[in-house]
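# Descriptive analysis of the structure
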Amino acid sequence: MSGISGRGAEGDAHRGDLPAEAARKVSLVVLDVDGVLTDAGVYLGADGEGRTVEFKRFDIQDGLGIRLLQEAGIQVAIVSGRVSPATEVRARELGIEACHQEPGARKLPVVDRLRRGAGLEWDAVAMVGDDLPDLPVMELAGLPVAVENAVPEVRAQARWVTGAPGGRGAVREFCRALLQARGEWDARVEAYLEARRGMP
Ligand SMILES: [Mg+2]
């Protein structure tokens, strides 16, 4: 880990330590779905009645990272540009009430509403994205983050880039890095384990 934040020689954000001063201000983490919580693939098919059935593959380790953020008092929201029941199911599993699926991928008004509702400035918002629909939010968010598989325009806007691709641990990596940068990771892990060390 270099410990250096900013932009690298190729105009890309470093993958070193997440910038601590930005991390400490974050109260709302906004996650894109396709390409961030998934590998951007969708399985499309039809049931016996010809109705479209869509499956997505989520990473279970991401889920525990999200839970640790929530336990640290950070609000987590999902904002997707694609409407899919699979996203609803996963959000429910994760206890994420703010799950917004916007056909047309106009994410900025949604995130702005969430931000205002929580009484937050933009510097309290982190956005994890991979593709162009995420850019308008990333341009305003205090902590814009790109996943490894993000398109060049998104990587260029990011203050931090994950080493893992979306759907393969990128969100878990971000959750850990965010809490580490705030000095909260070890205590969160210890609290999680302590609650599970008791014998029945
Ligand atoms: Mg995406």
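Treat the numbers as computed from the prediction; the structure is a model and nothing was measured.

Looking at the magnesium ion, the protein donor atoms are Asp32 (OD), Asp34 (O) and Asp130 (OD), and they sit 2.0 to 2.2 Å from it. All donors of the magnesium ion belong to a single chain; written as a sequence motif, their spacing is D-x1-D-x95-D.

Looking at the element boundaries, Ala126 is found in strand E6 (residues 125-129). Using a relative accessible area of 0% as the deciding quantity, one classes Ala126 as buried. Residues Ala126 and Glu190, spaced 64 residues apart in sequence, show a C-alpha to C-alpha distance of 25 Å. Residues in contact with Ala126, not counting those within four places in the same chain, are Val26, Leu28, Val29, Val30, Leu143 and Phe174.

Ranked by internal contacts, the top residues of the largest apolar core, which has 59 residues, are Leu18, Val29, Ile66, Leu143, Phe174 and Leu178. With 8 residues, helix H7 (residues 170-181) is the single largest residue contributor to this core. Beyond its immediate chain neighbours, meaning those up to four positions away, Val29 contacts Leu69, Ile74, Gln75, Val76, Ala77, Ala126, Phe174 and Leu178.

Conventions and cut-offs
- Residues numbered from 1 in each chain as written.
- Predicted model: local features only at pLDDT ≥ 70, side-chain atom pairs only at ≥ 80, totals over all residues.
- Heavy atoms only, no water.
- Donors = N, O, S within 2.8 Å, 3.2 Å for Na, K, Ca; no water.
- Helix = DSSP H or I, 4+ residues; strand = E, 2+ residues; numbered from the N terminus.
- Buried < 20%, exposed > 50% of the residue type's maximum accessible area, 1.4 Å probe, protein only.
- Contact = heavy atoms within 4.5 Å.
- Core = buried A, V, L, I, M, F, W, Y, C linked by side-chain atoms within 4.5 Å.

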